[in-house]
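# Geometric and topological summary
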Amino acid sequence: MSRRLIKGGFVVSVDPRLGNLDDADVLIEDGKISAVGRNLSAADAEIIDAAHMIVMPGFVDTHRHIWQGAMRAVTADWSLLNYLGGIRMSAAACYRPEDMYAAQYQGALEAINAGVTTITDYCHNLNTPDHAHEAIRGLRDAGLRAIWNYGFNRPPLGDPAFKTQQERLQFARTLAAQYFVQRDAILTMGVAPEEAALWIDDDAGKAQFALARELAARLFWHCNCLNHGGGRPFEVARLHALGLLDHDIVLSHMRYTTPEEWRLVAEHGVAVAFTPDTELQMGMGYPSTIIARRHGIAHGYGADITSNNSADMFTPLRMALQTARAELNAPRDGELYDGVPITCDEALRWGTLEGARVLGLDHRIGSLTPGKDADIILLNTDSITLVGWDRSNPAGTIIQQASIADVDTVMIKGKVLKRHGVLLADVKRACRLLADAAEHIAREVAAKGGFYVDPQRTFQLMQAVTSARHVDAFRADYQEIAPTTT
Ligand SMILES: [Zn+2]
C-alpha cells in the first residue's frame, strides 16, 4: 500500500462535518483520503511538509474547451458573434490532429499548474477520428481528471471525414469502448450535442442526446445564451417538449432562461455551469448565480475558452462572487450597510464540492472527506502575496487574494503532479508542441484572411453546417448592433 501524509497544514476540508483545522494532517492511502485530523501518524508514509500551507481540495471546472489554448487571447476583444465566425466556423478547421494533442496536453498541464484537478472538457472540434484520439491522448498524458466530452459541433470542411451524423454517432461508440470502459477512471466520457440553433432538425438533436444515454454519459449543452432579437430562445422548454430534459444534463450560460424554464430545470434535477469571463464579455449577461442558488440548482463555474481568458479558477470564482454580490447589493447602492451578501466560503464551495455535484462526482471528489479520491492542492502562504493571512477566514484568502503563483503542490488521486511550485512534467516539450501548433494555426488562418470573420461571412459559413432555415433565423436575430463605447 502506498501512503502519503500531508503534515501540519491549515486544512480547509470543504466537508461541513470537518470544517477547517489548523495544524492538521491528511493521510492518503492508495490514492484515497483515509484520515483527516491532528497528529496523525503512519509509520511508512512519505511525508509532505505542509507548514505555512493551506491544504484544500483541487478546483473543479465545469465548463471549458481546452482545445482552444493554441489561440491564446485571440478572442479577448470579441463578441459571441465574432467568436462564432472567427473560431467555431473558421479557425477550428485549421487544427490538425497534432494541434489537438498539443493544445490538450499543454492545456491540461496548465490547469494542473493552476490547481484545477478536474475539468469538463467540452471538446467540440473533432474533425477526424485522429482529432479525437489525439485530444484524449493529450489529457491522458497530462494526468488530469476530466469528463471528456464527445462534441458534435464541427466547422465547415472541404472534405469532411464524417459524411453523416450516423458515422459520428458510431464513432462515439467506438471511442467509448476503446477508452472509457472503466467508469471510476480519472478520465470518463461525456457528450456535448450541438446547440439547438445548429440542429438540422429535432431528430438530429434527439439522436445526439440518445447516444449519451445509451453510453450512460453525462450531457453538456450550451443553452439560452442569447436574447435572440429581443425574444427568448426557450431552449429548456424545447428540450422538455422533446422529452429530453433529465438529471444527467449540465446546461451552460443560461442567462436568457424564463422563470418557467428555471422551474423545469430545478424539477428535473438539471445542473448548470456559468463562465463569468465570457458571459460578461460576450453579451451573455451576468452569471445566473442568484437564480440557481434560490432554486437549489447545482451550479458550477468554468474558464470556458482559453482562446479568451486565463485557465485558473481563482478568476471565475472571484468574478462570480463579486457580480452576484453586485446584483444583490444594487437596490442599496450608495447606502452604508452592515455586511455583504454571499460569503467567500460559499464561493469556495462553488469551485470545489458544488462543482463536483454538477458533474455527478461529489461522492468521489470536491472535499477532503475520508473515502474520497485524494485530489488535493497546497497553497503556499509563506510568500510576499499571502503572508499575514487571516486564519479566521481562509476562504477569504483563497477567493480574494490567491492566484496561480501560490499553488505549491497538486495531486490527483494521490499522484503528485506539481511539487514546490514546479510541474512534474516535461514542460519544455508541452511548450514547444503548443508553440508549433499555435504557429501552424495562425499561418493557416492568415492565409484565409485572419482570425476576424465578418457577420455576413459567418452566416455563409454556418450554411455549410446547418439548414438555411436556421441561418436565416440567426441572421434575423443578430442585428448588427455596434457596441456602446461610452
Ligand atoms: Zn462553451
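These figures come from a predicted structure and were not determined experimentally.

### Section: the coordination of the zinc ion
- For the zinc ion, every protein donor is listed as His-63 (NE2), His-65 (NE2) and His-222 (NE2), and the spread of their distances is 2.0 to 2.2 Å.
- Of note, the donors binding the zinc ion are all from one chain and are spaced H-x1-H-x156-H.
- Note on His-63: relative accessible area 0%, which makes it buried.
- Judged by relative accessible area, His-65 falls into the buried class, the value being 1%.

### Some remarks on the side chain of Asp-99
- The topology assignment puts Asp-99 in helix 2 (residues 97-113).
- Separated by 2.8 Å, the side chain of Asp-99 and the backbone nitrogen of Arg-96 make a polar contact.
- Ignoring sequence-local partners within four residues, the contact set of Asp-99 consists of Cys-94, Ala-437, His-440 and Ile-441.

### Re the nonpolar core
- The biggest cluster of nonpolar side chains holds 116 residues, and the ones touching the most others in it are Phe-59, Trp-148 and Leu-251.
- Take this core: its biggest share by element is nine residues, from helix 2.
- Counting contributing residues, this core receives three or more from each of domain 1 (3-57 + 367-423) and domain 2 (59-358).
- With sequence-adjacent residues up to four places away left out, Leu-251 is seen in contact with Trp-221, Cys-223, Val-236, Leu-239, Val-265, Val-270, Ala-271, Val-272 and Ala-273.
- One finds Ala-50, Met-53, Leu-378 and Met-411 within the second-largest nonpolar core, a separate group that totals 18 residues.

### Let's talk about the environment of Ser-34
- Looking at where Ser-34 falls in the secondary structure, it is placed in strand 3 (residues 32-37).
- Residue Ser-34 is classed as partly exposed on the basis of its relative accessible area, which comes to 29%.
- Sequence separation between Ser-34 and Val-465 is 431 residues, and the spatial gap between their C-alpha atoms is 51 Å.
- Here the side chain of Ser-34 touches Glu-29 through a polar contact of 3.2 Å, side chain to side chain.

### Observations concerning unusual backbone geometry
- With phi around 50°, Asp-23 is a residue other than glycine that occupies positive phi space.
- Topologically, Asp-23 is positioned in strand 2 (residues 20-29).
- The residue Ala-216 is not glycine, and still its phi comes out positive at about 55°.
- The residue Ala-216 is located in the loop between helix 5 (202-214) and strand 10 (218-223) in this model.

### Quick look at the layout of surface pockets
- Space inside the second largest pocket adds up to approximately 370 Å³.
- Together, 18 residues line the second largest pocket, and Arg-183, Thr-188, Met-189, Ala-216 and Arg-218 are the ones closest to its centre.
- By residue class, the composition of the lining of the second largest pocket is nine nonpolar, four polar and five charged.

### Side note on the pattern of salt bridges
- Considering all chains together, one arrives at 28 salt bridges under this definition.
- The shortest N-O distance in the salt bridge between Arg-154 and Glu-194 comes to 2.3 Å. Note that Arg-154 is positioned in the loop between strand 8 (145-151) and helix 4 (165-179) and Glu-194 in the loop between strand 9 (187-192) and helix 5, a separation of 40 residues in sequence.
- We classify Glu-194 as buried; its relative accessible area is 4%.
- A salt bridge links Arg-238 to Asp-202, with the shortest nitrogen-to-oxygen separation between them at 2.7 Å. Placement of the pair is Arg-238 in helix 6 (residues 235-241) and Asp-202 in helix 5, with a sequence separation of 36 residues.
- For Arg-238, a relative accessible area of 27% translates into the label partly exposed.
- By relative accessible area, which is 31% here, Asp-202 ends up partly exposed.

### Observations concerning the confidence of the model for the protein chain
- For the protein chain, mean pLDDT is 94; residues scoring 70 or higher make up 96% of the total.
- When pLDDT is averaged over each element of the protein chain, strand 5 (residues 53-57) comes out on top at 99 and helix 16 (residues 468-477) at the bottom at 70.

The rules behind each value
Residues numbered from 1 in each chain as written. Predicted model: local features only at pLDDT ≥ 70, side-chain atom pairs only at ≥ 80, totals over all residues. Heavy atoms only, no water. Donors = N, O, S within 2.8 Å, 3.2 Å for Na, K, Ca; no water. Buried < 20%, exposed > 50% of the residue type's maximum accessible area, 1.4 Å probe, protein only. Helix = DSSP H or I, 4+ residues; strand = E, 2+ residues; numbered from the N terminus. Polar contact = N/O pair within 3.5 Å; in protein donor to acceptor, adjacent residues only side chain to side chain. Contact = heavy atoms within 4.5 Å. Core = buried A, V, L, I, M, F, W, Y, C linked by side-chain atoms within 4.5 Å. Domains from an automatic or database assignment. 1 Å grid on protein atoms, 1.4 Å probe; cavity = no way out; pocket = protein on both sides within 12 Å on 5 of 7 lines; lining within 4 Å. Points joined across faces, edges and corners; volume = space filled by probe spheres on them. Nonpolar A, V, L, I, M, F, W, Y, C, P; charged D, E, K, R; others polar. Salt bridge = Lys/Arg side-chain N within 4 Å of Asp/Glu carboxyl O. pLDDT = per-residue confidence, 0-100.

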